[in-house]
Amino acid sequence: EKLHLKDSEGEKSNYLENLLADEQREQDFEYIHQKSKERRWFHIIAMGSNVEGKKKCILVMSDRTADKKMNQALSEAVRAAETANRAKSTFLSNMSHDIRTPMNAIIGFTTLAVSNIKNQEKVQDYLSKILSSSNHLLSLINDILDMSRIDQGLLKIVSKPFSLNHMAADLQSMMTAGAEAKSLDFQVLLHIEDCIVVGDEIRLKQVLTNLVSNAFKFTPAGGSVVLSITEMEEGDAKISVLFRVIDTGEGIPTAYQNKIFEAFEQVESNVTNSQGTGLGLAISK
């Protein structure tokens, strides 16, 4: 009983009870090593016998711990492979749809531009739409490449001095046009003294851009989006900064809140058709 796990089937059962002469039983048990307290797995063969009129038992106990651990590792490898295969199928399904959409637009508007080459006004309109679709396609491809680098452990995070205030100003000028296009009020609020920090400015900007872009996407026209940058604590060589993106959109349903940082997960919304790969927040994470 002391060897068995608490509340396991072997703890209270008498494995040898009613074992007949010349009968053989086989069973697997999980035990606790009395000194090391590690779990060990044994395969036991019990054989009944009569010796001078007395019932005797012969036990053959084989330590199968190594085999058990190998099988567990193989099972985990199979599960990981199946998960990777499902992710690959999801990836291909999403990509084929998401890339085809702007590609079809580029081909369609290019065909229209060629057909109306002498109509400058129409050609200019078509070229503007081609440029917009091309930028969308490029952002999809960049997301795919970034996610691939992250999965392969190839994404490099650099450490260089930069100004948080200058980065915030760049971000505001870069995102303002997108806010105006959707009739949104966009503000960057700085609650921090100008200082030089060491880190990866490009990747930090990418994370904040993804968060702000999502806020734009899910906030109806006339709403507001705020990026707030607040200094929380400053030490001798380190600074703690809180970045918050606040919007007047519909919010994220509780059921989705644990999924939004997973690849290809997209929240259904009445405000947007959720174009994109669903990789932005996964890359940010």
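Our subject is the structure listed above.
Note that the structure is a prediction, hence the values are computed from the model and not measured.

Caption draft 1: The nonpolar core, seen in detail. Counting residues in hydrophobic clusters, the biggest one holds 19 residues, and the most contacted among them are Phe186, Phe216 and Leu227. Counting only elements with at least two residues in this core, the list comes to α4 (164-181), β5 (185-191), α5 (201-217) and β7 (224-234). Broken down by element, this core gets its largest block of residues, six residues, from α4. Apart from the residues lying within four places of it in its own chain, the contact partners of Leu227 are Leu171, Phe186, Gln187, Val188, Leu189, Leu208, Arg244 and Val245. In this structure, Tyr15, Tyr31, Ile44 and Ala46 belong to the second largest nonpolar core, which totals seven residues.

Caption draft 2: Fine view of the sheet that holds strand β3 (residues 54-63). The three strands lie next to each other as β1-β2-β3, forming an open sheet whose pairing is antiparallel. Of all the strands in the sheet, the pair left with one neighbour each is β1 (24-32) and β3. Strand-to-strand twist across the sheet, computed as the mean angle between neighbouring axes with direction ignored, equals 30 degrees. Here strand β2 (residues 39-51) pairs with β3 via ten bridges, running antiparallel. Residue Ala46 lies in a different strand from β3, and its bridge partner there is Leu59.

Caption draft 3: Here's a closer look at the sheet that holds strand β8 (residues 239-247). Reading across the sheet, the three strands line up as β5-β7-β8 and stay open at both edges, with mixed pairing between neighbours. Every interior strand has two partners, whereas the edge strands, β5 and β8, have only one. Mean inter-strand twist for the sheet, computed between neighbouring axes without regard to direction, equals 15 degrees. Bridging between β5 and β7 involves seven bridges; their strand directions are parallel. Directly across from Leu190, in β7, lies its bridge partner Ile229.

Caption draft 4: Fine view of the packing of α4 against α5. Across the interface, α4 lies against α5 with an axial gap of 11 Å and an inter-helix angle of 35 degrees. By crossing handedness, the relation of α4 to α5 is classed as right-handed. Between α4 and α5, the contacting residues are Leu164, Met167, Asp170, Leu171, Met174, Met175, Gly178 and Ala179 on the first element and Glu201, Leu204, Lys205, Leu208, Thr209, Val212, Ser213 and Phe216 on the second. Looking at side-chain class alone, the contact of α4 with α5 contains ten nonpolar, three polar and three charged residues.

Caption draft 5: Seen up close, α5. Between its first and last C-alpha, α5 extends 24 Å over 17 residues, near the 24 Å set by a 1.5 Å rise per residue. Buried within α5 are the following residues: Lys205, Gln206, Leu208, Thr209, Asn210, Val212, Ala215 and Phe216. For α5, the elements touching its buried residues are α3 (120-151), α4, β5, β7, β8 and α6 (280-284). One side-chain oxygen at the N-terminal end of α5 lies 3.3 Å from the backbone nitrogen of Ile202; it belongs to Asp200.

Scoring rules and cut-offs
- Residues numbered from 1 in each chain as written.
- Predicted model: local features only at pLDDT ≥ 70, side-chain atom pairs only at ≥ 80, totals over all residues.
- Heavy atoms only, no water.
- Core = buried A, V, L, I, M, F, W, Y, C linked by side-chain atoms within 4.5 Å.
- Buried < 20%, exposed > 50% of the residue type's maximum accessible area, 1.4 Å probe, protein only.
- Helix = DSSP H or I, 4+ residues; strand = E, 2+ residues; numbered from the N terminus.
- Contact = heavy atoms within 4.5 Å.
- Pairing = 2+ DSSP bridges.
- Axes fitted to C-alpha atoms, helices over the stretch in contact; angles between N-to-C directions.
- Left-handed = near helix turned anticlockwise from the far one by under 90°.
- Nonpolar A, V, L, I, M, F, W, Y, C, P; charged D, E, K, R; others polar.
- Expected span 1.5 Å × (residues − 1).
- Polar contact = N/O pair within 3.5 Å; in protein donor to acceptor, adjacent residues only side chain to side chain.

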